[in-house]
Structures are given as structure tokens and as C-alpha cells.
Amino acid sequence: MHNGGYYLGVDVGSASVRAGLYDARGQRLAFAVRPISQFRHGADQVEQSSAEIWRQVCAAVREAVDGAQVDRQRIRSLGFDATCSLVAIDGDERGVSVAQDGAPDRDIIMWMDHRAAQETAEINASGDDALRYVGGEVSIEMELPKVLWLKRHFPQRYQQTARFFDLADFLVWKATGNDVASLCTLTCKWNYLAHEGRFSMPLLRAVGLDDLLTKIPGRIIDIGAPAGQLSARAAGELGLPPGVVVASGIIDAHAGGLALIGGQPQGALAIISGTSNCHMLVNKAQLETPGVWGPYWSAMLPGWWLTEGGQSAAGSLIDWTLRQQGQSAQLFSAADAQGLHPVALANRWVAQLEQHEPLPTRHLHVLADHHGNRSPRANPHARGSVCGLTLESGEPALARLYLATLQAIAYGTRHIIDAMEQAGHRITHLVMCGGATHNPLWLREYADIAGRDIHLMREEDAVTLGAAICGAVACGAWPDFPAACGALAQPGETLRARPEMAAFHQRKYQVYLQLYEQQQALDRIMADAADGK
């Protein structure tokens, strides 16, 4: 049915744009990466520029297509995925500033931005029935709190905004000129009730957002549906022919989840590893999991309920840990001198440590809530901690803390798995993509701690492939996602869990759970300190 041709996927992550061109067997023909900026104001506010992102999308697509040296007329489709960041656009199709200082190019509130704590609490205090479909409470990372924050703090800018887009929907709009939104973005990040085809107006009225529906696209389309064709203007900017079909937008983690498990979803938990972690699981039954987002109807795989767990800091926590310690400068300079990635050298240091100590983290424990807990605690105010420090220094100290941090993130994933299974899900194996898949030590810890085998894909950038798969379905090259995933998403190697490590990690996992309770107890002791009590 596919009749040959090529399928283009564009992934806009937190720090870069990736464009990949694939053939009908899922073989990647070319790939290009462009960096994008983050603008920070204090600890909680993180913004981006939609104009910069679109420029880098165009540059990455041009480079990938030029590098592939294929007939551009045979490129059949284009799929976009992106982080679930909020874009504000005015009636003249220009960005509206969301920055404190009014910087005009900063028109995106990033997913990781935590400015809307008060607004999040107020939405959750409504007790609206729609909150059942986000694990019981809306997250500070979702869009309604961000929109409400802008309306409260900068009402003129709110009024000036003609369209609020999720970033993936913004890219589709830029490419086609069509005012559409994806079922994926609205359901997963805007509290749209896809199974009922509506928003909860009582919820919007309760927090003063009853005019929101005039500021978002009026047409909602399914995953893998065609949003339109490339406009002449966008085609010129992207270096593509105008007739290319553009798929509905999809969130980046969901594009990865689609590629990982879209062909064989039963019992598979997709883990998309990056700056943060996302855990995607589908079920034919509607199962509510406290503290875990969803169930979302048809939001990733049509005809299935999606449950979505997550960790707000994963790759970002590893990077922070390696850069904050006394040995950090030596690690980075030594890695540079040896032509290694710092993580590869840190892994060598761990291997040397394990030659003398089989269990180096027996007395060193990390709680990985440095940027709050997304799931299943659903506590954006949670904080990380380290327990068991000594006066050890140098390479062994950094290696030990690094290993304990890798394990801590994996314990957080196990906690999410446990919460899902307690709600009635059955998880037989893990399928992973993203940054952690390039780190064999981290994969080892994930498998051992979860007690399940980990399956990888042949294509190392499953998220970009997932975006291309959306386009392949949208242009009719395959009739549905199982067929497209079966053709384009090829399996890779499998990592086996080591049963001999189960007892050790069971003990460490209990420590991990208790660390959270201890951290909460400490917070309660200090709760009134700001008031001088």
C-alpha cells in the first residue's frame, strides 16, 4: 500500500530540533539536529521563542533532505512532535510575550516551567470530575495553570492572545496555515475529555477561564489524521514540495511511545528517556491510577486508553549531579583529553569502584525529586535528598553518587510501575528509547530495579521516527498505526534483568520510599519558619 516514498519526522525537544527522513522500511536516510535556546528567569520560569524554533525546524529539515539526496517529490508526508509547551500568538500571527520583562521573542512557557503553583492549586481545589482523568489532580506542567497565570499576571497580554497553541499544534499551524489542534495535545495537557468530546465548562468557569475556548483552535483532529498540506510559504521555507501531507501534531513522548509499542501494545510499558522521563502504557480497559496522568482516550494509540507516568528530572538530574561535585572539573577535563563523553568516563569509574565493592551504594541513597515529583506522588513541591554521605572525595566519591543517582531515577520508575499495577495494569516488559539507551550502566540498573527485561529499537531516535509514522498514516501509506509501526519500527537488542540483584534492590527500594516520607516530615517541621514561628 505504501508504494515507496519517504516520510519525514520532526522532533522538537527541550534543547534541540531533530529532523529525520525514513524510507518505507523504517531505514533512516538522513538526520539533522539544531539547538534551541531556553531563557530562564529565577528558578521556576523557563521560556522559549517560537520564531527561533521555526527557523531551526526549517534549517534541520533542509539539511536532512539535502543530506539524503533523494527526489523531493517522493517525500509523501511530514509529522511534527514537540514538548508540551504553551505558545501565545496574537491576531497578526506574531508571538505574545510571556516573559516578566516583556521580551517580545519569549512567547513560549516551557513544559518544565513551574511558575503557576498557585493556579495549579486552585484548579485542583475545584474538585471537578474532569480531574479524574489526570490521576486526580492537574499538574503544574500542564497548560491550564499556565494560561491562568498569564491571565492573572498580564491580563492585557492574555487579551492580546488570539491563539494559545500546544507547541506541536503551533508547528502544524505554521506548516499548513490550518487552525487545528490535536486530540493528543488537548486531551493530555488541556483537560479535554476525549471520550466525551468536550471540555468541562464547570471547571473552566470555576477558575475564570470560561473564555478559553475562543482562544484555542476550534477543530480537533485525531492522531494520524491529515491536518492539511504544506502551504506554499512553509514549503519554500522548509525546502519541500507544497503537496506534502502534514499530520496532526503529537507530544514528543507520545511519538516515542507510539513507535515503541504501537505495533504490539499489550503488556508493554514504553519509557521515553530524556531531560525528563515519560512512561506510556495503553489498555483496552479504562483504569484510573491515582497520581498518574490519564486515562486518556485515543490520545496516543487510537482505540486504547493511555496512562502516562513521568519523572520531572531524569537526564537533567544526571547532568546536574556530574557537574555539581568537587571532582566534576576533573571528570570533564579528563573526558575531553581522552575523547570520551563524561558519562562514559563516569561509567569507567563506577566499574573500577565495583571491582573493590560489589555494592557501592549500599549505604548511599538518593531521592530523585530535585524538580518535584510528577508521578505517582504528584507533588511539584517535593525535593531531592542524599543520605549516607562520608568524607570520601575524588573519583570514587563522584562515581558512587553518580551510580546512586542512576539507581534513584530507576527506583522512581519502579514506583510508577507499582502504582500502575496496583490500579489493575499488567506490565510484562519495558521498551525504551532516548538518552538512557546510550548508557549501558543505566540500562543495567533499570532492568535490575524494575525486574523486567528491556527491549530497544533498531532506530535510536524513536521519537523522530514516531513523528514520521504519524505522517505515514496521515498520507494513507498504511491504513493504521499497527500496520505502519510493524513496517517502520524494527526491534533491536534486549537487555535481561539479573535475578541475583533482586534482593539488594528490594531493600534499596524500601529506603527510597522512606526517604520521601522523611523529606516530607522535615518539610512539615520547617513549614512555619518563613512566618518566624
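Model, not experiment: these values are computed from the prediction.

Novice: Please give an account of the overall build of the protein chain that cites residues and values.
Specialist: In terms of regular secondary structure, the protein chain is built from 17 helices and 23 strands. Taken over the C-alpha trace, the protein chain has a radius of gyration of 23 Å; the compact-globule value for 533 residues is 24 Å, and the two agree within 12%. Projected onto its principal axes, the C-alpha positions of the protein chain cover 65 × 55 × 45 Å. Of all 533 residues assigned to the protein chain, the portion counted as buried reaches 60%. Taking the contacts inside the protein chain whose residues are at least 6 apart along the sequence as the reference set, 71% of them involve residues at least 24 apart. Total accessible area on the protein chain stands at roughly 20,300 Å², and carbon and sulfur atoms take up 49% of it. Looking at the protein chain, you have 45 positive and 56 negative side-chain charges, and the mean spots of the two groups are 2 Å apart.

Novice: Tell me about the nonpolar core, residues and numbers included.
Specialist: In a soluble, globular protein the nonpolar side chains are often hidden away together inside. If you look at the biggest cluster of nonpolar residues, it comprises 90 residues, and the most contacted ones within it are Phe164, Trp190, Leu209, Leu212, Leu260, Ile272 and Ile469. The greatest single-element share of this core, amounting to nine residues, is contributed by helix α15 (residues 462–474). If you look at the next biggest cluster of nonpolar residues, it comprises 56 residues, including Val366, Leu406, Ala410 and Leu430.

Novice: Give me the packing of aromatic side chains: which residues, what numbers.
Specialist: Within a pair of aromatic rings, the relevant descriptors are the distance that separates the centres and the angle that separates the planes. All chains considered together, the criterion is met by 12 aromatic pairs. Measuring from centroid to centroid gives 5.8 Å for Tyr158 and Phe164, while their planes differ by 35°, and the two rings are tilted. Like Phe164, Tyr158 is buried. Three or more aromatic residues joined by ring pairs form one cluster here, namely Phe165, Phe170 and Trp173. Positioned above the aromatic ring of Phe154, the side-chain terminus of Arg157 is 3.7 Å from the ring centre.

Novice: An account of empty space enclosed by the protein is needed here, citing residue identities and associated values.
Specialist: Summed over the entire model, instances satisfying the criterion amount to four cavities of 30 Å³ or more. Space inside the largest cavity adds up to approximately 90 Å³. Only β18 (305–311) and α13 (394–422) provide two or more residues apiece to the lining of the largest cavity. Among the residues forming the lining of the largest cavity, the class breakdown is four nonpolar, eight polar and two charged. Size it by volume and the second largest cavity reaches roughly 70 Å³.

Novice: So what about the UniProt feature "domain: Carbohydrate kinase FGGY C-terminal" (unreviewed entry) in the protein chain? Which residues, and what values?
Specialist: In the UniProt entry, the feature "domain: Carbohydrate kinase FGGY C-terminal" (unreviewed entry) is given for residues 269–475. Secondary structure across residues 269–475 divides into 43% helix and 19% strand, with the first and last C-alpha atoms of the span separated by 28 Å.

Novice: Before we move on, could you go through unusual backbone geometry and cite the residues and values that matter?
Specialist: Most peptide bonds are trans, and most residues other than glycine sit at a negative phi. Across the junction of Gly294 and Pro295, the peptide omega takes the value 5°, indicating a cis bond. Take Pro295: it is sitting in strand β17 (residues 293–297). With an omega of -10°, the peptide bond running from Ser375 to Pro376 counts as cis. In this structure, Pro376 sits in the loop between β19 (365–367) and β20 (385–387). The backbone of Asn191 sits at a positive phi, close to 65°, despite the residue not being glycine. Relative to the elements of secondary structure, Asn191 occurs in the loop between α6 (183–189) and α7 (201–206). Residue Asn191 is classed as buried on the basis of its relative accessible area of 5%.

Novice: Quick rundown of the UniProt feature "domain: Carbohydrate kinase FGGY N-terminal" (unreviewed entry) in the protein chain? Include the residues and the values.
Specialist: The feature "domain: Carbohydrate kinase FGGY N-terminal" (unreviewed entry), as annotated in UniProt, sits at residues 6–256 in this numbering. Annotated as 32% helix and 26% strand, the span residues 6–256 places its first and last C-alpha atoms 19 Å apart.

Novice: Outline the packing of helix α2 (residues 117–125) against helix α3 (residues 143–153), listing residues and values.
Specialist: Across the interface, α2 lies against α3 with an axial gap of 8 Å and an inter-helix angle of 115°. Crossing of α2 over α3 shows right-handed handedness. Between α2, through Glu119, Thr120, Glu122 and Ile123, and α3, the contact on the second element is made entirely by Leu144, Pro145, Leu148, Trp149, Arg152 and His153. In terms of residue class, the contact of α2 with α3 is made up of five nonpolar, two polar and three charged.

Novice: I'd like a rundown of the sheet that holds strand β4 (residues 39–41), residues and numbers included.
Specialist: Taken in spatial order, the five strands of this open sheet run β4-β5-β8-β7-β9, and their pairing is antiparallel. Two strands close off the open sheet at either side, each with one partner strand: β4 and β9 (161–166). Pairing geometry for β4 and strand β5 (residues 45–48), over three bridges, is antiparallel. Paired with Phe39 across the two strands is Glu47, which belongs to β5. Sitting on the sheet, helix α5 (residues 167–176) is in contact with β7 (86–90), β8 (108–109) and β9, with an inclination near 115° to β9.

Novice: An account of the sheet that holds β18 is requested, with residue identities and associated values reported.
Specialist: With mixed pairing, seven strands are arranged side by side in an open sheet as β17-β18-β16-β15-β21-β22-β23. Across the chains shown, the open sheet's two edge strands, defined by having one partner strand only, are β17 and β23 (491–495). Neighbouring strand axes in the sheet, compared pairwise and without regard to direction, differ in orientation by 25° on average. Pairing geometry for strand β16 (residues 277–283) and β18, over seven bridges, is antiparallel. Opposite Val282, over in β18, you have Leu306 as the bridge partner. Across the sheet, helix α9 (residues 252–261) touches β15 (268–273), β16, β18, β21 (429–434) and β22 (454–457), and the angle it forms with β15 is around 135°.

Novice: Any chance you could break down the pairing of strand β3 (residues 28–35) for me, citing the residues and the numbers?
Specialist: The sheet contact formed by strand β2 (residues 16–22) and β3 spans seven bridges and is antiparallel. By the bridge assignment, Gly20 is partnered in β3 with Phe31.

Novice: I'd like a description of α2, backed by residues and values.
Specialist: Every α-helical turn comprises 3.6 residues, leaving residues that sit three or four positions apart pointing alike. Listing the buried residues of α2 in full gives Glu119, Thr120, Ile123 and Asn124. Seen end-on, α2 carries its buried residues on one side only, within an arc spanning 135°. The inward-facing, buried residues of α2 abut α3 and α7. Two residues or fewer past α2, Gly127 is found with a positive phi of approximately 65°.

Novice: Requested: an account of the pattern of salt bridges, with residues and values cited.
Specialist: Tallied over the entire structure, the rule returns 31 salt bridges. For Glu354, the salt bridge is made with Arg444, and the minimal N-O distance between the two is 2.8 Å. A residue pair is termed long-range when its members are at least 10 positions apart, and Glu354 in helix α12 (residues 342–356) and Arg444 in helix α14 (residues 440–450) qualify at 90 residues. Glu354 sits in the partly exposed class, given a relative accessible area of 22%.

About the criteria used
- Residues numbered from 1 in each chain as written.
- Predicted model: local features only at pLDDT ≥ 70, side-chain atom pairs only at ≥ 80, totals over all residues.
- Heavy atoms only, no water.
- Helix = DSSP H or I, 4+ residues; strand = E, 2+ residues; numbered from the N terminus.
- Rg over C-alpha atoms; globule rule 2.2 N^0.38 Å.
- Buried < 20%, exposed > 50% of the residue type's maximum accessible area, 1.4 Å probe, protein only.
- Contact = heavy atoms within 4.5 Å.
- Areas by Shrake-Rupley, 256 points an atom, 1.4 Å probe, with all protein chains shown as cover.
- Lys, Arg positive; Asp, Glu negative; His and termini not counted.
- Charge placed at Lys NZ, Arg CZ, Asp CG, Glu CD.
- Core = buried A, V, L, I, M, F, W, Y, C linked by side-chain atoms within 4.5 Å.
- Phe/Tyr/Trp six-rings, centres within 6.5 Å; stacked < 30°, edge-to-face > 60°.
- Lys NZ or Arg CZ within 6 Å of the ring centre and 35° of its normal.
- 1 Å grid on protein atoms, 1.4 Å probe; cavity = no way out; pocket = protein on both sides within 12 Å on 5 of 7 lines; lining within 4 Å.
- Points joined across faces, edges and corners; volume = space filled by probe spheres on them.
- Nonpolar A, V, L, I, M, F, W, Y, C, P; charged D, E, K, R; others polar.
- UniProt positions renumbered as here; feature names shortened; annotations may be inferred.
- Axes fitted to C-alpha atoms, helices over the stretch in contact; angles between N-to-C directions.
- Left-handed = near helix turned anticlockwise from the far one by under 90°.
- Pairing = 2+ DSSP bridges.
- Arc of directions from axis to C-beta.
- Salt bridge = Lys/Arg side-chain N within 4 Å of Asp/Glu carboxyl O.

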